[in-house]
Structure formats: structure tokens, C-alpha cells
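Overview (structure and organization)
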Amino acid sequence: MSKKTAVQQQLIDAFRSAKRVFVFTGAGASKESGLPTFREVDGEWRQYDPMTFATLDGFLSDPVRVWNMYRMRQRQIAQAQPNPGHITLARMDQYYPDFLLATQNVDDLHERAGTKRMVKIHGDAWQMRCLRAGDVFDVRDFDLPDEFTVDTLPRCRKCGALCRPNIVWFGEYVPQDAMEAAIRGSSICDLMLIVGTSGEVSGGYGFAEYALANGATIVEVNPSEGALTRYADFWIPEPAGIALPRIWKLATGEDLLSTSHT
Ligand code: APR
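Heads up: these notes are all about the structure in this document. (Residues numbered from 1 in each chain as written. Predicted model: local features only at pLDDT ≥ 70, side-chain atom pairs only at ≥ 80, totals over all residues. Heavy atoms only, no water.)

Brief notes about the sheet that holds strand β8 (residues 217-221)
If you trace the six strands from one edge of the open sheet to the other, you get β3-β2-β1-β7-β8-β9, paired in parallel fashion. Every interior strand has two partners, whereas the edge strands, β3 (118-120) and β9 (234-236), have only one. With direction set aside, neighbouring strand axes in the sheet form an average angle of 15°. Bridge count between β8 and β9: three bridges; the pairing is parallel. Of the residues in β9, the one forming a bridge with E220 is W235. Lying over the sheet, helix α8 (residues 176-188) contacts β1 (20-25), β2 (98-103) and β3, oriented at roughly 130° with respect to β2. (Pairing = 2+ DSSP bridges. Helix = DSSP H or I, 4+ residues; strand = E, 2+ residues; numbered from the N terminus. Axes fitted to C-alpha atoms, helices over the stretch in contact; angles between N-to-C directions. Contact = heavy atoms within 4.5 Å.)

Given below as C-alpha cells:
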């Protein structure tokens, strides 16, 4: 058996023997659905200055401009479809006895692919939060304009204060309940998948260290190396929408790409 085949067999065996799976995803997981990443050459932060569009000070200095960027992202997300990577991860949620997916993504493609056991650690593009009392609302429950003006900015139903996107911006805390769930999931898993994240922000969350401390096998799916690649037992340098259904078919025989698969 060649070394390459041996390595592939070890990878397949890891998927077959896993009982407790923790998945950690970033913007790359949604790239093949047409949504931009942040730090790649065509990424969001090349077009939009994160100091304006991803900090509270930036928002308060120009809420109309920031809200209209998020309205544009909501339209992009609504037009996007889950890709085979999202679909494979949703299948894994059904298949494994213990499963948790923690995503940095604020789109709803994991949910729309059917993933149930998941937490969003950087917030949700479809939600807004009252700046005064912190109440959270789904923007789709409001009749909001596609383009805000200073007179039509979204306000809290209860107290009338300005609402902000319910997104975790730089310098802000990750939601505690989501973080605690992700730390527990990574600490007990026997297989951890890292899909589509540079690890630039999340390196500090420690999920890969917790998984390693539990003796988990760590698999990274990302065309490029990143800050977390050094933790990976297996690094698959392919797009998630290609690699995940391919590995799943090798490990289980299930062909999630065939329309006949139910
Ligand atoms: N499949 C898998 N990975 C991909 C794909 C793909 N098809 N296309 C690109 N990638 C990888 C890139 O190689 C890169 O490593 O996705 C990663 C995207 O990295 P970032 O743009 O840094 O996005 P992310 O890691 O999710 O950023 C984390 O930073 O700005 C904050 O809050 C924001 O949640 C975001 C966080």
C-alpha cells in the first residue's frame, strides 16, 4: 500500500470509528455558496474597513452606512444556497451519537442544510439587538427597507432605542452560552473537523488544544494553510464542498451528491 493510500485509510478509519464529533467552521465553508470570506484577496475586509463595519465605535459613527452593508449581506445570504460541504456536515449531525458544530459564520447555511446541534459564536446576520436593553429581534419579523436612511434605522419594539446588528464585533465578547458549549464539545470529542477558517481570530478560543488534550483526531479542510493547520493530523487542501462529500462517501458509502440520496 502506498503512503498516500495508507494515510487516506487512516483518515477514513477516523471517520468510521468516531463517536463524538466537534466541527468548527469559518467563512470558507460558505465560499462555494457564493459568500465572501474576510481575509482572502477578494475578502470582505478588503472592501469594507473592519474598523468601521465591525466595531461598535464604527457603527455608532455611521449607523446608516454600517446597517446598509449588513442589509446587503442579508440579501446575499438569502440568495445563497447550502453547498455540499454544509450538506455533508448536516448528515454527520444525524449520523454520529454525539455531535456539535460551532460556527463563526453569521449566515444561516448550516441551519438551512439541516444541522441541528450547533452554536453560532459570532452572532447571526438575521438578528438585531437593542442598544439599550439588549433585546434580540429577527429582522425578518419587521417590515424594514432595503436601504436605511437616518429616519428609518431599525429601533427596538419595546423602548424605541436604536438597534444594532447582533454580530460579535472586534473587541466584543463571544456569547457565553455558545462559547461554553463549544469548549465542552471540543473537550470531549474524538474527531474534530476544522473547516474553512484562517484561525486568525479563533486561534485564541483554544478548541483545537481542548480536542488534542482529549486525544482527538483533528482534520482540517482548507485549500490554504492557516493558524490551526499545525494542530491537524490530516490537512486536506481542498474546498469543503468537494472534500467533505468525497470523504463521507469513502467512509460510509453514502453519496450525498446524487440527487437520489434521501
Ligand atoms: N473551502 C474551505 N476553506 C476555504 C474555501 C473553501 N471553498 N475557500 C476559502 N477557504 C478558507 C481560506 O483559505 C481561509 O483560510 O477559508 C478561510 C477564510 O478565512 P477568513 O476570511 O479569515 O474567515 P474566518 O476564518 O471565518 O474569520 C473568522 O474573523 O473577521 C472575523 O468575525 C469574523 O467570523 C470571522 C472571523
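Read on, since the account is not over.
Notes on the site of the ligand
Around the ligand sit 23 residues in total, of which F38, R39, T197, S198 and N222 are the nearest. Measuring from an oxygen atom of the ligand, one finds a backbone N or O atom of A27 at 2.8 Å. The separation between an oxygen atom of the ligand and a polar side-chain atom of H122 is 2.9 Å. Protein burial of the ligand: of its 730 Å² of free accessible surface, 94% is covered by the chains. Here the residues of the shell around the ligand sort into nine nonpolar, 10 polar and four charged. (Near = heavy atom within 4 Å. Polar contact = N/O pair within 3.5 Å; in protein donor to acceptor, adjacent residues only side chain to side chain. Areas by Shrake-Rupley, 256 points an atom, 1.4 Å probe, with all protein chains shown as cover. Nonpolar A, V, L, I, M, F, W, Y, C, P; charged D, E, K, R; others polar.)

Some points on the pairing of β2
For a regular strand, side-chain orientation follows a simple rule: the groups alternate between the two sheet faces. When you tally the buried positions in β2, you get five out of six residues, the bulk of the element. The pairing of β1 with β2 spans six bridges and is parallel. From the neighbouring strand, R20 faces β2, where its bridge partner is D98. As defined by bridge partners, β2 adjoins β3 across three bridges and the pair is classed as parallel. The residue bridging A102 from the neighbouring strand is V119, located in β3. (Buried < 20%, exposed > 50% of the residue type's maximum accessible area, 1.4 Å probe, protein only.)

A few points about the pattern of salt bridges
Think of it this way: side chains of opposite charge can pair up when their charged atoms draw near. Scanning all chains against the criterion turns up 11 salt bridges. For D108, the salt bridge is made with R112, and the minimal N-O distance between the two is 3.2 Å. On the accessibility criterion, D108 (10% relative accessible area) is buried. In this structure, K120 and E111 form a salt bridge, with 2.9 Å as the shortest nitrogen-oxygen distance. Judged by relative accessible area, which is 30%, E111 ranks as partly exposed. (Salt bridge = Lys/Arg side-chain N within 4 Å of Asp/Glu carboxyl O.)

Quick look at the packing of helix α1 (residues 3-17) against helix α10 (residues 240-252)
α10 packs onto α1 with a crossing angle of 80° between their chain directions and a minimal axis gap of 9 Å. With respect to their mutual orientation, α1 and α10 come out roughly perpendicular. Together, Q8, L11, I12, F15 and R16 of α1 and R246, I247, W248, L250 and A251 of α10 make up the contact between the two elements. (Parallel < 35°, antiparallel > 145°, perpendicular 65-115°, else oblique.)

Things to note about the sheet that holds strand β6 (residues 163-167)
Taking strand neighbours across the sheet as the criterion, the three strands line up as β5-β4-β6 in an open arrangement whose pairing is antiparallel. On the outer flanks of this sheet lie β5 (136-138) and β6, each paired with one strand and no other. Between one strand and the next, the sheet's axes are offset by a mean angle of 45°, whatever the strand orientation. Helix-sheet contacts for helix α5 (residues 63-79) involve β4 (123-130) and β6, and the interaxial angle to β4 is about 145°.

Take it as geometry only, folks, not as evidence of what the structure does.
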